[in-house]
Amino acid sequence: MRVAAVGDVHLAPDVAGRHRAGLVGIAEHADVLLLAGDLTRHGTPEEAVVVASEYADLGVPVVAVLGDHDYHSGAEPKVADLLVEAGVTVLEGEGLVLDLPAGRLGIGGVKGFGLGFAGRCGSDVGEPEMRAFSRHGREGAEQLARALRGLDDVGVDVKVALTHYAPVEETLLGEPPEIWPFLGNYLLGEAIDAGGCDLAVHGHAHAGREKGTTLGGVRVRNVAQPVIRAAYAVYEVSATRVLVGT
Ligand SMILES: [Fe+2]
Ligand SMILES: [Fe+2]
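Procedures and definitions
Residues numbered from 1 in each chain as written. Chains lettered and ligands numbered in written order. Predicted model: local features only at pLDDT ≥ 70, side-chain atom pairs only at ≥ 80, totals over all residues. Heavy atoms only, no water. Helix = DSSP H or I, 4+ residues; strand = E, 2+ residues; numbered from the N terminus. Expected span 1.5 Å × (residues − 1). Buried < 20%, exposed > 50% of the residue type's maximum accessible area, 1.4 Å probe, protein only. Contact = heavy atoms within 4.5 Å. Donors = N, O, S within 2.8 Å, 3.2 Å for Na, K, Ca; no water. Tetrahedral: all angles 85-135°; square planar, octahedral: opposite > 155°, others 65-115°. Salt bridge = Lys/Arg side-chain N within 4 Å of Asp/Glu carboxyl O. Pairing = 2+ DSSP bridges. Axes fitted to C-alpha atoms, helices over the stretch in contact; angles between N-to-C directions. Parallel < 35°, antiparallel > 145°, perpendicular 65-115°, else oblique. Left-handed = near helix turned anticlockwise from the far one by under 90°. Nonpolar A, V, L, I, M, F, W, Y, C, P; charged D, E, K, R; others polar. Phe/Tyr/Trp six-rings, centres within 6.5 Å; stacked < 30°, edge-to-face > 60°. Lys NZ or Arg CZ within 6 Å of the ring centre and 35° of its normal. Lys, Arg positive; Asp, Glu negative; His and termini not counted. Polar contact = N/O pair within 3.5 Å; in protein donor to acceptor, adjacent residues only side chain to side chain. Core = buried A, V, L, I, M, F, W, Y, C linked by side-chain atoms within 4.5 Å.

Participant: Honestly, helix α4 (residues 128-154) in this entry has me stumped. Any pointers?
Facilitator: Count 3.6 residues to each turn of an α-helix, and residues three or four apart come out pointing the same way. Helix length check: α4 (27 residues) gives 39 Å between terminal C-alpha atoms against 39 Å at 1.5 Å per residue, within 8%. Of the positions making up α4, those classed as buried are Phe133, Ser134, Gly137, Gly140, Ala141, Leu144, Ala145, Ala147, Leu148 and Leu151. Those residues of α4 that are buried lie in contact with β5 (94-100), β6 (103-110), β9 (158-163), α5 (180-183) and α6 (186-194). Of the residues one or two after α4, Gly155 is the one with positive phi, at around 90°.

Listed below in C-alpha coordinates is the structure:
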(Lines give C-alpha, C1' and ligand atoms only; values in the text may rest on other atoms or scores of the structure.)
(Ligands and ions follow the chains in the order given, each with its own letter.)
Protein backbone atom coordinates (compact mmCIF):
# COMPACT_ATOMS: atom_id res chain seq x y z
CA MET A 1 0.00 0.00 0.00
CA ARG A 2 1.40 3.36 -1.01
CA VAL A 3 0.73 6.15 1.48
CA ALA A 4 1.50 9.68 0.29
CA ALA A 5 1.80 12.45 2.86
CA VAL A 6 2.68 16.10 3.22
CA GLY A 7 2.20 18.75 5.90
CA ASP A 8 2.88 22.41 6.52
CA VAL A 9 2.04 23.62 3.05
CA HIS A 10 0.80 26.88 4.64
CA LEU A 11 -1.30 27.93 1.65
CA ALA A 12 -2.80 31.37 1.10
CA PRO A 13 -4.39 33.23 -1.82
CA ASP A 14 -1.04 34.58 -3.09
CA VAL A 15 0.10 31.03 -3.96
CA ALA A 16 -3.25 29.72 -5.21
CA GLY A 17 -2.83 27.14 -7.96
CA ARG A 18 0.91 26.70 -7.49
CA HIS A 19 0.74 23.38 -5.64
CA ARG A 20 -1.71 21.75 -7.99
CA ALA A 21 0.87 20.99 -10.66
CA GLY A 22 2.82 18.82 -8.22
CA LEU A 23 -0.28 16.83 -7.35
CA VAL A 24 -1.43 15.95 -10.85
CA GLY A 25 -1.02 12.23 -11.49
CA ILE A 26 -0.71 11.34 -7.79
CA ALA A 27 -3.05 8.37 -8.31
CA GLU A 28 -0.29 6.71 -10.35
CA HIS A 29 2.07 6.88 -7.39
CA ALA A 30 -0.10 6.54 -4.28
CA ASP A 31 -3.29 4.98 -2.94
CA VAL A 32 -4.10 7.74 -0.45
CA LEU A 33 -2.86 11.22 0.47
CA LEU A 34 -2.50 12.29 4.10
CA LEU A 35 -2.27 15.99 5.01
CA ALA A 36 -0.47 16.52 8.33
CA GLY A 37 -1.82 19.96 9.30
CA ASP A 38 -0.73 23.59 8.96
CA LEU A 39 -2.48 23.66 5.63
CA THR A 40 -3.02 27.43 5.95
CA ARG A 41 -0.89 30.31 7.21
CA HIS A 42 -3.36 31.95 9.58
CA GLY A 43 -6.36 29.63 9.59
CA THR A 44 -8.69 31.95 7.66
CA PRO A 45 -11.57 30.71 5.48
CA GLU A 46 -9.99 32.54 2.51
CA GLU A 47 -6.85 30.46 2.90
CA ALA A 48 -8.87 27.27 3.40
CA VAL A 49 -10.61 27.87 0.07
CA VAL A 50 -7.18 27.72 -1.57
CA VAL A 51 -6.36 24.46 0.25
CA ALA A 52 -9.72 22.98 -0.74
CA SER A 53 -9.28 23.75 -4.43
CA GLU A 54 -5.68 22.52 -4.43
CA TYR A 55 -6.50 19.10 -2.91
CA ALA A 56 -9.92 18.42 -4.51
CA ASP A 57 -10.52 15.69 -7.10
CA LEU A 58 -7.06 14.12 -7.04
CA GLY A 59 -8.28 10.61 -7.79
CA VAL A 60 -7.17 9.27 -4.39
CA PRO A 61 -8.79 9.71 -0.97
CA VAL A 62 -7.40 12.73 0.89
CA VAL A 63 -7.39 12.65 4.70
CA ALA A 64 -6.26 15.58 6.86
CA VAL A 65 -5.68 16.76 10.38
CA LEU A 66 -5.42 20.47 11.14
CA GLY A 67 -2.35 22.13 12.64
CA ASP A 68 -1.79 25.00 15.06
CA HIS A 69 -1.76 27.58 12.26
CA ASP A 70 -5.16 26.34 11.11
CA TYR A 71 -6.51 27.30 14.56
CA HIS A 72 -4.96 30.79 14.60
CA SER A 73 -8.07 32.76 13.56
CA GLY A 74 -10.50 30.75 15.66
CA ALA A 75 -12.17 29.63 12.41
CA GLU A 76 -11.05 25.99 12.49
CA PRO A 77 -14.62 24.63 12.17
CA LYS A 78 -15.09 26.67 8.98
CA VAL A 79 -11.65 25.63 7.72
CA ALA A 80 -12.58 21.99 8.26
CA ASP A 81 -16.01 22.47 6.62
CA LEU A 82 -14.44 23.94 3.49
CA LEU A 83 -12.08 20.99 3.22
CA VAL A 84 -14.90 18.50 3.74
CA GLU A 85 -16.94 20.21 1.01
CA ALA A 86 -14.00 19.59 -1.33
CA GLY A 87 -14.04 15.89 -0.48
CA VAL A 88 -11.24 15.89 2.11
CA THR A 89 -11.87 13.90 5.30
CA VAL A 90 -10.78 15.87 8.35
CA LEU A 91 -9.98 13.87 11.49
CA GLU A 92 -9.75 15.19 15.04
CA GLY A 93 -9.47 12.32 17.43
CA GLU A 94 -11.23 9.90 15.14
CA GLY A 95 -10.50 6.80 13.11
CA LEU A 96 -11.26 6.23 9.46
CA VAL A 97 -11.25 3.03 7.44
CA LEU A 98 -10.60 3.12 3.70
CA ASP A 99 -11.13 0.06 1.55
CA LEU A 100 -8.38 0.53 -1.02
CA PRO A 101 -7.40 -1.78 -3.86
CA ALA A 102 -4.24 -2.68 -1.91
CA GLY A 103 -6.13 -3.50 1.29
CA ARG A 104 -8.03 -2.08 4.21
CA LEU A 105 -6.32 1.03 5.61
CA GLY A 106 -7.13 2.34 9.06
CA ILE A 107 -6.11 5.89 9.94
CA GLY A 108 -6.19 7.40 13.41
CA GLY A 109 -5.90 11.18 13.18
CA VAL A 110 -5.53 14.00 15.66
CA LYS A 111 -3.81 17.39 15.69
CA GLY A 112 -2.13 16.56 18.97
CA PHE A 113 -0.23 19.19 20.93
CA GLY A 114 3.07 19.91 22.61
CA LEU A 115 4.04 18.75 26.09
CA GLY A 116 7.57 17.57 25.60
CA PHE A 117 9.34 14.29 26.08
CA ALA A 118 9.89 11.98 29.01
CA GLY A 119 11.86 13.69 31.76
CA ARG A 120 11.65 17.10 30.09
CA CYS A 121 7.96 17.88 29.70
CA GLY A 122 5.15 20.03 31.03
CA SER A 123 3.47 18.86 34.22
CA ASP A 124 0.06 18.91 35.84
CA VAL A 125 1.12 21.09 38.76
CA GLY A 126 1.23 24.85 39.17
CA GLU A 127 -0.69 27.61 37.46
CA PRO A 128 -3.97 26.92 35.68
CA GLU A 129 -2.25 27.89 32.41
CA MET A 130 0.42 25.22 32.84
CA ARG A 131 -2.14 22.62 33.82
CA ALA A 132 -4.24 23.54 30.76
CA PHE A 133 -1.15 23.16 28.53
CA SER A 134 -0.43 19.74 29.96
CA ARG A 135 -4.06 18.68 29.82
CA HIS A 136 -4.38 19.58 26.12
CA GLY A 137 -1.22 17.61 25.37
CA ARG A 138 -2.47 14.60 27.29
CA GLU A 139 -5.96 14.71 25.80
CA GLY A 140 -4.67 14.70 22.23
CA ALA A 141 -2.71 11.52 22.93
CA GLU A 142 -5.72 9.92 24.63
CA GLN A 143 -7.87 10.76 21.60
CA LEU A 144 -5.31 9.17 19.29
CA ALA A 145 -5.12 6.05 21.44
CA ARG A 146 -8.93 5.72 21.39
CA ALA A 147 -9.10 6.25 17.63
CA LEU A 148 -6.44 3.60 17.01
CA ARG A 149 -8.11 1.13 19.39
CA GLY A 150 -11.40 1.66 17.58
CA LEU A 151 -9.83 0.51 14.33
CA ASP A 152 -9.25 -2.92 15.89
CA ASP A 153 -13.00 -3.36 16.30
CA VAL A 154 -13.46 -2.87 12.57
CA GLY A 155 -10.41 -4.84 11.45
CA VAL A 156 -7.83 -3.31 9.12
CA ASP A 157 -4.81 -4.57 7.17
CA VAL A 158 -2.65 -1.51 7.76
CA LYS A 159 -2.84 1.07 10.55
CA VAL A 160 -1.43 4.59 10.21
CA ALA A 161 -1.32 7.42 12.75
CA LEU A 162 -1.68 10.96 11.39
CA THR A 163 -0.78 13.90 13.64
CA HIS A 164 0.48 17.44 13.30
CA TYR A 165 2.67 17.43 16.41
CA ALA A 166 5.63 15.06 16.59
CA PRO A 167 5.42 11.80 18.58
CA VAL A 168 9.20 11.34 18.93
CA GLU A 169 12.31 13.48 19.42
CA GLU A 170 14.23 11.91 16.55
CA THR A 171 12.37 13.79 13.82
CA LEU A 172 12.93 17.07 15.70
CA LEU A 173 16.70 16.90 15.30
CA GLY A 174 17.67 20.18 13.65
CA GLU A 175 15.13 22.16 15.68
CA PRO A 176 16.46 23.96 18.81
CA PRO A 177 15.98 21.59 21.79
CA GLU A 178 14.58 24.50 23.80
CA ILE A 179 11.38 24.44 21.71
CA TRP A 180 10.88 20.67 21.53
CA PRO A 181 8.14 20.78 24.24
CA PHE A 182 6.18 22.97 21.81
CA LEU A 183 6.83 20.69 18.84
CA GLY A 184 5.95 17.27 20.15
CA ASN A 185 4.68 15.00 22.82
CA TYR A 186 5.98 11.62 23.97
CA LEU A 187 2.45 10.50 24.88
CA LEU A 188 1.59 10.53 21.16
CA GLY A 189 4.45 8.08 20.65
CA GLU A 190 3.13 5.87 23.44
CA ALA A 191 -0.34 5.91 21.84
CA ILE A 192 1.16 4.95 18.47
CA ASP A 193 3.01 2.02 20.04
CA ALA A 194 0.00 0.87 22.03
CA GLY A 195 -2.13 1.09 18.90
CA GLY A 196 0.17 -1.18 16.92
CA CYS A 197 0.65 1.23 14.02
CA ASP A 198 2.55 0.35 10.85
CA LEU A 199 3.48 3.98 10.16
CA ALA A 200 3.13 7.38 11.82
CA VAL A 201 3.31 10.66 9.92
CA HIS A 202 3.43 14.17 11.36
CA GLY A 203 4.39 17.72 10.44
CA HIS A 204 5.04 20.94 12.44
CA ALA A 205 8.83 20.58 12.66
CA HIS A 206 9.95 22.58 9.61
CA ALA A 207 13.60 22.32 10.54
CA GLY A 208 13.49 18.73 11.76
CA ARG A 209 14.40 15.63 9.83
CA GLU A 210 12.25 13.12 7.99
CA LYS A 211 12.93 9.76 9.55
CA GLY A 212 12.54 8.47 13.06
CA THR A 213 11.21 5.52 15.04
CA THR A 214 9.11 5.18 18.18
CA LEU A 215 10.46 3.30 21.18
CA GLY A 216 8.26 0.40 20.07
CA GLY A 217 9.78 0.36 16.58
CA VAL A 218 7.07 2.11 14.56
CA ARG A 219 8.44 4.13 11.63
CA VAL A 220 7.81 7.86 12.07
CA ARG A 221 8.02 10.27 9.16
CA ASN A 222 8.08 14.07 9.47
CA VAL A 223 6.41 15.14 6.24
CA ALA A 224 6.58 18.91 6.78
CA GLN A 225 7.06 20.26 3.28
CA PRO A 226 10.25 22.18 4.15
CA VAL A 227 11.68 18.80 5.23
CA ILE A 228 10.57 16.55 2.35
CA ARG A 229 10.97 19.35 -0.23
CA ALA A 230 8.34 17.86 -2.53
CA ALA A 231 4.59 17.98 -3.16
CA TYR A 232 4.37 14.76 -1.11
CA ALA A 233 6.43 11.79 0.01
CA VAL A 234 5.30 8.21 -0.61
CA TYR A 235 5.78 5.40 1.90
CA GLU A 236 5.10 1.82 0.93
CA VAL A 237 3.58 0.01 3.87
CA SER A 238 2.74 -3.61 4.53
CA ALA A 239 0.75 -4.85 7.51
CA THR A 240 3.93 -5.36 9.51
CA ARG A 241 6.52 -2.88 8.34
CA VAL A 242 7.46 -0.02 6.05
CA LEU A 243 9.08 -1.53 2.99
CA VAL A 244 10.30 1.55 1.18
CA GLY A 245 10.48 5.18 2.22
CA THR A 246 11.16 8.00 -0.18
FE1 LIG B 1 3.96 24.60 10.01
FE1 LIG C 1 2.59 23.71 13.15
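Participant: How should I be thinking about the coordination of the iron ion (ligand 2) in this particular structure?
Facilitator: Think of it this way: four donors in a tetrahedron around the metal ideally sit 109.5 degrees apart, and six in an octahedron ideally sit 90 or 180 degrees apart. Here the iron ion (ligand 2) is held by Asp38 (OD), Asp68 (OD), His164 (NE2) and His204 (ND1), and the distances to it run 2.1 to 2.2 Å. Considering all four donor atoms around the iron ion (ligand 2), the spread of angles at the metal, 86 to 155°, places the coordination shape in the irregular class. Sequence spacing among the residues donating to the iron ion (ligand 2) works out to D-x29-D-x95-H-x39-H. In this structure, the iron ion (ligand 2) is positioned 3.5 Å from the iron ion (ligand 1), and both are ligated by Asp38. A residue pair is termed long-range when its members are at least 10 positions apart, and Asp38 in the loop between β2 (32-36) and α2 (45-54) and His164 in the loop between β9 and α5 qualify at 126 residues.

Participant: Mind showing me how you'd approach the pattern of salt bridges here?
Facilitator: Here the idea is simple: oppositely charged side chains can pair when their charged atoms come close. Applying the stated rule across the entire model yields seven salt bridges. Taking the shortest distance from any N to any O, the salt bridge between Asp152 and Lys159 comes out at 2.7 Å. Take Lys159: its relative accessible area is 5%, and that puts it in the buried class.

Participant: What am I meant to see in the pairing of strand β1 (residues 2-6) here?
Facilitator: Within a regular beta strand, the side chains point alternately toward one face of the sheet and then the other, so they alternate between its two faces. Of all five residues in β1, four are buried, a share of seventy percent or more. Inspection of the sheet shows β1 paired to strand β13 (residues 233-237) by four bridges, in the antiparallel sense. Within β13, the position partnered with Arg2 by the bridge is Glu236. Across four bridges, β1 lies against β2 in parallel orientation. In the strand pairing of β2, Ala5 is matched with Leu34.

Participant: Explain the packing of α2 against helix α3 (residues 76-85) here, please?
Facilitator: When two helices pack together, their arrangement is given by the angle between the helix axes and by the axis-to-axis distance. Contact geometry for α2 and α3: axes closest at 9 Å, N-to-C directions at 25°. When the axes of α2 and α3 are compared, the pair comes out roughly parallel. The element α2 and its partner α3 pack so that their crossing is right-handed. Residues Pro45, Ala48, Val49, Val51 and Ala52 of α2 form the contact with α3, whose participating residues are Lys78, Val79, Leu82 and Leu83. Looking at side-chain class alone, the contact of α2 with α3 contains eight nonpolar, no polar and one charged residues.

Participant: Where do I start with the packing of aromatic side chains in this structure?
Facilitator: All told, the structure shown has three aromatic pairs when counted by the stated rule. An aromatic cluster is defined as three or more aromatic residues linked by ring pairs; in this entry it consists of Phe113, Phe133, Tyr165 and Phe182. Above the face of the Tyr71 ring, Lys111 is positioned so that its terminal group lies 5.2 Å from the ring centre.

Participant: Explain the side chain of Glu175 here, please?
Facilitator: With respect to the helices and strands, Glu175 occurs in the loop between β9 and α5. Of the side chains with opposite charge, Arg229 lies nearest to the buried Glu175, which makes no salt bridge, at 11 Å. Within the structure, Glu175 has its side chain in polar contact with the backbone nitrogen of His206 (distance 3.1 Å). At 2.8 Å, the side chain of Glu175 and the backbone nitrogen of Ala207 are in polar contact. When neighbours within four sequence positions are excluded, Glu175 is seen to be in contact with Trp180, Leu183, Ala205, His206, Ala207 and Gly208.

Participant: For this particular structure, what's the right way to read the nonpolar core?
Facilitator: The nonpolar side chains of a soluble globular protein tend to be buried, and buried together. Counting 55 residues, the largest nonpolar core has Leu33, Leu34, Tyr55 and Leu105 as the members making the most contacts within it. In terms of residue count, the dominant contributor to this core is β2 (five residues). What Leu33 contacts, discounting residues up to four positions off in sequence, is Ala4, Ala5, Leu23, Ile26, Tyr55, Leu58, Val60, Pro61, Val62, Val63 and Tyr232. The next biggest cluster of nonpolar side chains, apart from the first, holds 20 residues, and it includes Leu148, Leu151, Leu187 and Ile192.

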